[in-house]
Structure formats: structure tokens, C-alpha cells
Amino acid sequence: MPQRTAHRRHQALDTYLANNKVEDLCRQLACSKSWLYTWRNRYDAHHATWAQERPKKPKSHPTQTPEHVERAVVSLRLTLRHNGTGGGATAIMQALAQQGIEPVPSRRTMYRIVRRHHTEVK
């Protein structure tokens, strides 16, 4: 993080804490009220790192298909096609349910998994 940015945040909060009017402060620093309020809410006098940017990347991906389900979809498709039963989405869904593999992905997700695997193999 550039020192100038951290300095600007510290300066804004010091001025804000000195009970200056928010409108005057924002005009002086050429910043928006939402920017000022964001840093006001993150301000912590006991931690010097309060002015640092936080990563925007999510810490978890709750809607991502679990790896074990993706492997099962690919494996079942290959097995079903090898056995001559087609390996379509309905057959894969039934096989996943019979094996107790959850969560059973939607048809669209299965097609995406199969397409991605197919392009990785080439």
C-alpha cells in the first residue's frame, strides 16, 4: 500500500476526530462521504493496520461444486458411456443419488464440469 494513501486516511480520520464538519472535510480532501465513513468505521486506535486495504477476494466459495462431486460426475460419465448407456445428465444424476453423493449438481453444472474436463484432456 502506498504510504501516501495511508497518510491520507490517517489525515482524514485525525481531522474527522477533531469534530470538523464532514462536508468541509470531504471538500478539503476531495473525497466522498462514503469513503470517509468507510475508513471511520474501520478506524481502530489500538491497531496500526486499520488503514490498510482489505482483500476483496471472498474467503470462501459456498456455491462452488465440491471437488469430490466433480470427480464423481466425470467418472460416472466415462463409466456410463463405456457401458453404452449414454452418460447423459439424467443418468449421472441418478447414479450420484444411488451412491449417496451430495450435493447433486444441476444439469447445467454437470455440462460445465464435463465440458471443462473434456477440454483438459485434449
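For the structure given in this document, a descriptive report is provided here.

## Quick word on the overall build of the protein chain
Now for step 1: Check the secondary structure of the protein chain and you find six helices and zero strands.
Now for step 2: Reading the helices (α) and strands (β) of the protein chain from amino to carboxyl end gives α-α-α-α-α-α.
Now for step 3: Scaling as 2.2 N^0.38, a compact globule of 122 residues should have a C-alpha radius of gyration of about 14 Å, whereas the protein chain reaches 27 Å, well beyond that.
Now for step 4: In terms of overall dimensions, the protein chain has a C-alpha envelope of 75 × 30 × 25 Å along the principal axes.
Now for step 5: Looking at the protein chain as a whole, 29% of its 122 residues are labelled buried.
Now for step 6: Across the protein chain, contacts joining residues at least 24 apart in sequence account for 43% of those joining residues at least 6 apart.
Now for step 7: Charge-centre separation for the protein chain: the mean point of 21 positive side chains lies 7 Å from the mean point of 9 negative side chains.

## Some details on the side chain of Thr-15
Now for step 1: Among the structural elements, Thr-15 can be located in helix H1 (residues 3-17).
Now for step 2: In this structure Thr-15 comes out as buried when scored by relative accessible area, which is 16%.
Now for step 3: Not counting chain neighbours up to four residues away, the residues in contact with Thr-15 comprise Asn-20, Leu-25 and Gln-28.

## So, the packing of helix H4 (residues 67-82) against helix H5 (residues 89-99)
Now for step 1: Contact geometry of H4 with H5 gives a least axis separation of 10 Å together with a crossing angle of 115 degrees. Judged by the sense of rotation from one axis to the other, the crossing of H4 with H5 is right-handed. Listed contacts from H5 to Ala-72, Val-73, Leu-76, Arg-77 and Leu-80 of H4 are Ala-91, Ile-92, Ala-95, Leu-96 and Gln-99.
Now for step 2: Here the contact of H4 with H5 is built from residues that sort into eight nonpolar, one polar and one charged.

## A look at the pattern of salt bridges
Now for step 1: Taken as a whole and assessed by the stated rule, the structure comprises four salt bridges.
Now for step 2: With a closest N to O distance of 3.2 Å, Glu-23 and Lys-33 form a salt bridge. Remark: Lys-33 occurs in helix H3 (residues 33-42) and Glu-23 occurs in helix H2 (residues 22-29); sequence separation between them is 10 residues.
Now for step 3: Residue Lys-33 is classed as partly exposed on the basis of its relative accessible area, which comes to 40%.
Now for step 4: The partner of Arg-27 in a salt bridge is Asp-24, with the nearest N and O atoms 3.1 Å apart. On the criterion of helical spacing, the pair formed by Arg-27 and Asp-24 is a turn pair, its members being three residues apart in helix H2.

## Considerations on the packing of aromatic side chains
Now for step 1: Here the structure, examined in full by the defined rule, presents one aromatic pair.
Now for step 2: Ring geometry for Tyr-43 against Trp-50: centres 5.1 Å apart, planes inclined by 80 degrees, an arrangement best described as edge-to-face.
Now for step 3: Accessibility expressed as a relative area gives 7% for Trp-50, which makes it buried.
Now for step 4: One Lys or Arg, Arg-8, reaches over the ring of Trp-35 and ends 4.6 Å from the middle of that ring.

Analysis parameters
- Residues numbered from 1 in each chain as written.
- Predicted model: local features only at pLDDT ≥ 70, side-chain atom pairs only at ≥ 80, totals over all residues.
- Heavy atoms only, no water.
- Helix = DSSP H or I, 4+ residues; strand = E, 2+ residues; numbered from the N terminus.
- Rg over C-alpha atoms; globule rule 2.2 N^0.38 Å.
- Buried < 20%, exposed > 50% of the residue type's maximum accessible area, 1.4 Å probe, protein only.
- Contact = heavy atoms within 4.5 Å.
- Lys, Arg positive; Asp, Glu negative; His and termini not counted.
- Charge placed at Lys NZ, Arg CZ, Asp CG, Glu CD.
- Axes fitted to C-alpha atoms, helices over the stretch in contact; angles between N-to-C directions.
- Left-handed = near helix turned anticlockwise from the far one by under 90°.
- Nonpolar A, V, L, I, M, F, W, Y, C, P; charged D, E, K, R; others polar.
- Salt bridge = Lys/Arg side-chain N within 4 Å of Asp/Glu carboxyl O.
- Phe/Tyr/Trp six-rings, centres within 6.5 Å; stacked < 30°, edge-to-face > 60°.
- Lys NZ or Arg CZ within 6 Å of the ring centre and 35° of its normal.

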